[in-house]
Amino acid sequence: MAVMESETRVNILLVDDEPANLLALESVLENLGQNLVRAQSGEEALRQLIRTDFAVIILDVLMKGMSGFETAGLIRQRDRSRHTPIIFLTAAGKTETEMFHGYALGAIDYLTKPFVPAVLRSKVSVLIDIYRKTEEVIQLNHKLSVRAEELETLSLNLKSENEKRRRTERELSRSEEGLKDLNASLEARIVERTAVIEEHSLQLTRTNAELEQFVYSASHDLQEPLRTMTSFLQLLERRNPDRLDQESKQFIQFAIKCSANMRNLINGLLEYSQVTLKEKKFQNVDCNLVARRILEQLNGSITESGAKVEIASLPEVYGESLLLGQLFQNLIGNALKFRGERPPRVEVGSEKREDEWLFWVKDNGIGIESRFFQQIFRLFQRLHNREEYLGAGLGLAVCQKTVELHGGKIWCESEVGKGSCFYFTIPFLKPSSKLEDKMPNLKTIPASHLSPAV
C-alpha cells in the first residue's frame with residue numbers, strides 16, 4: 001500500500017546484522033513510501049534512536065554481539081522509545097519461551113524467517129497508521145493545552161475587566177450624584193446671574209439713551225453759542241471797517257476760523273456717536289443706489305475739483321443703509337479733498353470672495369506714508385494742519401467703526417505722491433445676532449443732523 005503524497009513520511013528502523021536481510025526487508029517495505037533506516041547492529045540501532053523517532057522497529061533476534069532481545073531491553077529503557085512498536089524476526093524456530101521473552105520486552109509481534117512479505121507489509125502499515133493517529137492526538141492535545149492556557153488567561157483578563165467595570169460604575173454613580181448637585185448649583189447661579197445681567201442690560205439701555213440724548217443736546221447747545229459768536233464777530237467787522245486795524249481784522253478772522261473748526265469737531269463727534277449709539281436697522285442694501293446718492297451729494301466738490309469718479313457695478317449686501325452711505329461719502333470725500341495738482345481720479349469697485357465682498361476706493365491723491373496706516377483710523381488723528389486741509393480727524397474712525405459693525409475689516413494701501421487705496425470687506429451672511437442685540441432700541445436722531453466727516 002503506497003503512502004499518499006499529502007501525508008508526512010514516517011521513519012522505520014530495520015535492524016539486522018546481515019546486509020542481505022536488510023536488502024530483503026527494504027524490497028518488501030519500499031512500496032509503503034516511508035523512510036527506511038538501516039542498522040547492522042544493536043549499537044547502531046541505539047545510535048539511530050538517539051537522533052530520530054521511529055514509527056516501528058523491525059529487529060532481528062539473533063545478531064552477533066548485542067542480541068535483539070538485549071537491544072529491545074535498552075530501547076525500552078529510554079522515555080522517547082519506550083512505546084515504539086517492535087516486530088521481532090528470527091531465523092530459528094520460535095519457541096514459546098522466546099516468544100514470551102520477546103513480548104515481555106514490549107514486542108507487538110514475533111515473525112519467523114522466511115516470513116510472508118504481505119503479512120509484514122500489512123502489519124507495518126497498520127503500525128504506521130497507529131503512529132500517525134497517535135501523533136495527531138499528541139498535537140491535538142498540545143493545541144488543546146495551549147488553547148486552555150489562552151482561555152485561562154482570557155478568563156483572568158475578563159475577571160479583571162469586570163472588576164474594573166464595576167469600580168468604574170461605582171465611580172460614575174458617585175460622579176453622577178456630584179454632577180446633579182453641581183448642575184443644581186449652576187442652575188441657581190445662572191438664574192441669579194441672568195437676573196443681574198438683565199438688570200445691567202436695562203441700566204445700559206437707559207444709560208445709552210441718556211448718553212445719546214446728552215450728545216445730541218450737547219452738540220446743539222455747543223453749536224448755538226458758536227453760531228452767535230461767529231455772527232457777532234462778523235457783525236463787528238462789518239460795522240467797524242474803519243476803526244479796526246489790519247491786525248484786529250486778522251484776529252477776528254482767526255476767531256471765526258476757530259469757531260468753524262470747533263463746529264466741525266462737534267459735528268464729527270455727533271456723527272461718531274450715531275455709529276456707536278444709534279439703533280441699527282440692518283436689511284438688504286443695494287450699494288449701487290447708495291453710491292449714486294453719495295455722488296449727488298458730492299456733486300459740488302466733484303465739479304469744483306474737475307474730478308472723474310468711476311463706480312463699477314456694486315453688489316447688494318446686508319447692512320445699515322445710512323451707515324454704508326456715510327462710509328462711501330467719507331472715503332470718496334477724502335479722495336476728492338486730499339488731492340495733488342492733478343485733477344482727482346477716483347475708482348470704486350468690488351470683488352466677490354469666498355464668504356465676503358471686498359470693496360475698494362482708489363485715488364491718485366497725495367498718498368500716505370506706510371507708518372501712518374494704522375494711526376489714521378484713530379479718533380482725532382490728523383496728518384495735516386487745518387490750514388492745508390479742513391476736518392476734525394474723525395472720518396476714518398467712523399469708517400472703521402461702521403465696517404466693524406457690519407462684521408468686516410478696513411485697511412489702507414498707499415504710496416506718497418501716487419495715491420491711496422482703501423479696502424473694506426462686508427460678509428455675505430447676516431451679522432451675528434449678538435451685534436444687533438447690542439443695539440439698544442433708542443430714539444433715532446434725524447439724519448439732517450448728520451454732517452459729512454473728513
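Figured I'd write up the structure that's included with this text. In this convention, every chain numbers its residues from 1, walking through the sequence in written order. Only residues with pLDDT of at least 70 are given local features in this predicted model, and only at 80 or more are side-chain atom pairs given and counted; all residues enter the totals for whole chains, interfaces and linings. Calculated side-chain values reflect all of the structure's heavy atoms, with hydrogen atoms and water omitted.

1. Some words on the pattern of salt bridges
Two side chains bearing opposite charge may form a pair once their charged atoms approach each other closely.
Next up, step 1: In the sections that follow, a salt bridge refers to a side-chain nitrogen of Lys or Arg positioned within 4 Å of a carboxyl oxygen of Asp or Glu. Following the criterion strictly, the structure yields 13 salt bridges and no others.
Next up, step 2: With a shortest N-O distance of 3.9 Å, Glu-163 and Arg-170 are connected by a salt bridge.
Next up, step 3: Each residue is placed in one exposure class: buried if its accessible area under a 1.4 Å probe, protein chains only, is under 20% of its type's maximum, exposed if it is over 50%, and partly exposed if it falls in between. In this structure Glu-163 comes out as partly exposed when scored by relative accessible area, which is 30%.
Next up, step 4: Given the relative accessible area of 42%, Arg-170 is considered partly exposed.
Next up, step 5: Measuring nitrogen to oxygen at the nearest pair gives 2.9 Å for the salt bridge that ties Arg-345 to Glu-310. Taken together, the residues Arg-345 in strand 9 (residues 345-352) and Glu-310 in strand 7 (residues 308-311) connect sequence positions 35 residues apart.
Next up, step 6: When its relative accessible area of 42% is taken as the criterion, Arg-345 is described as partly exposed.
Next up, step 7: Within this structure, Glu-163, Arg-166, Arg-167 and Arg-170 form a network of salt bridges that share partners. Under the scheme used here, helices are H or I runs from DSSP no shorter than 4 residues and strands are E runs no shorter than 2 residues, and both carry numbers assigned from the N terminus.

2. Examining the sheet that holds strand 7
Next up, step 1: On the basis of which strands lie adjacent, the open sheet formed by five strands has the order 7-9-10-12-11 and mixed pairing. The sheet is open, and its two borders are formed by strand 7 and strand 11 (410-415), each paired with just one other strand. Sheet twist, expressed as the mean angle between neighbouring strand axes with direction ignored, is 15°.
Next up, step 2: For two strands to be treated as a pair, DSSP must find at least two bridges joining them. Looking at chain direction, strand 7 and strand 9 are connected through four bridges and run parallel. Bridge pairing in strand 9 links Val-309 to Val-346. Orientation is described by lines fitted to C-alpha atoms, with helices fitted over the stretch in contact, and by angles between N-to-C directions that extend from 0 to 180 degrees.

3. Quick look at helix 1 (residues 19-29)
Next up, step 1: For helix 1, the set of buried residues is Leu-22, Leu-25, Glu-26, Val-28 and Leu-29. Taken down its axis, helix 1 places every buried residue within 160° of arc, on the same side. Turned more than 90 degrees away from the buried face of helix 1, the exposed residues are Ala-20 and Leu-23. By construction, the arc corresponds to the directions joining the helix axis to the C-beta atoms.

4. Quick word on a nonpolar patch on the surface
Next up, step 1: The patches described consist of residues with a relative accessible area above 30% and no salt bridge, like charges being joined within 9 Å and nonpolar side chains (Val, Leu, Ile, Met, Phe, Trp, Tyr) within 5 Å. Residue exposure ignores everything except the shown protein chains as possible cover, and the areas themselves are Shrake-Rupley values with a 1.4 Å probe. The grouping of Leu-179, Leu-182, Leu-186 and Ile-190 at the surface amounts to a nonpolar patch, some 350 Å² of accessible area in total.
Next up, step 2: Examined against the element boundaries, Leu-186 turns out to sit in helix 5 (residues 117-239).

5. Digging into the nonpolar core
Next up, step 1: Residues Phe-328, Leu-331, Ile-332, Phe-359, Ile-376, Phe-422 and Phe-424 are the most contacted members of the largest nonpolar core, which totals 35 residues.
Next up, step 2: Elements represented by at least two residues in this core include exactly helix 7 (287-297), helix 9 (321-337), strand 9, strand 10 (356-363), helix 10 (395-405), strand 11 and strand 12 (419-427).
Next up, step 3: The element contributing the most residues to this core is helix 9, with seven residues.
Next up, step 4: Here, two residues are considered to be in contact whenever any of their heavy atoms come within 4.5 Å of each other. Not counting residues up to four positions away in its chain, the partners in contact with Leu-331 are Val-361, Leu-396, Cys-399, Phe-422 and Phe-424. For our purposes a nonpolar core is just a set of buried Ala, Val, Leu, Ile, Met, Phe, Trp, Tyr and Cys residues, chained together by side-chain atoms within 4.5 Å.

6. Some points on the sheet that holds strand 2 (residues 35-39)
Next up, step 1: Read from one edge to the other, the open sheet built from five strands follows the order 2-1-3-4-5, with strand pairing classed as parallel. One side of each edge strand has no neighbouring strand; the edge strands of this open sheet are strand 2 and strand 5 (107-112). Taken pair by pair, the neighbouring strands of this sheet meet at an average axis angle of 20°, ignoring direction.
Next up, step 2: Across four bridges, the pairing between strand 1 (residues 11-15) and strand 3 (residues 56-60) is parallel. Residue Leu-14 lies in a different strand from strand 3, and its bridge partner there is Ile-58.
Next up, step 3: Strands strand 1, strand 2, strand 3 and strand 4 (86-90) of the sheet are contacted by helix 1, whose axis makes an angle of about 170° with strand 2.
Next up, step 4: Most of the contacts of helix 2 (residues 42-51) go to strand 2, to which it runs at about 140°, and overall it touches strand 1, strand 2 and strand 3.

7. Examining the packing of aromatic side chains
Next up, step 1: Any two rings among Phe, Tyr and Trp, with Trp reduced to its six-membered ring, count as a pair given centres within 6.5 Å; such a pair is stacked if its planes are under 30 degrees apart, edge-to-face if over 60, and tilted if neither. One pass over the full model with this rule turns up seven aromatic pairs.
Next up, step 2: Taken together, a centroid distance of 5.8 Å and an interplanar angle of 75° make the contact between Phe-328 and Phe-424 edge-to-face. One end of the pair, Phe-328, is in helix 9; the other, Phe-424, is in strand 12, and 96 residues separate them in sequence. Of the two residues, Phe-328 and Phe-424, neither departs from the other in class, the shared state being buried.
Next up, step 3: Put simply, the rings of Phe-328, Phe-359 and Phe-424 pair up and form one aromatic cluster.

8. Quick look at the pairing of strand 4
Next up, step 1: Counting buried residues along strand 4, five of its five residues qualify, which places the element largely inside the surrounding structure.
Next up, step 2: Across the two faces of strand 4 the burial is the same, with Ile-86, Phe-88 and Thr-90 and Ile-87 and Leu-89 all buried.
Next up, step 3: Alignment of strand 3 against strand 4, held across four bridges, turns out to be parallel. Within strand 4, the residue paired with Asp-60 across the bridge is Leu-89.
Next up, step 4: We call a crossover right-handed when, viewed with the strands running away from us, the connection from the first strand over the helix to the second turns clockwise. Running through helix 3 (residues 68-77), the crossover from strand 3 to the neighbouring parallel element strand 4 is right-handed.
Next up, step 5: The pairing of strand 4 with strand 5 spans five bridges and is classified as parallel. Note that in strand 5 the partner of Leu-89 across the bridge is Leu-111.

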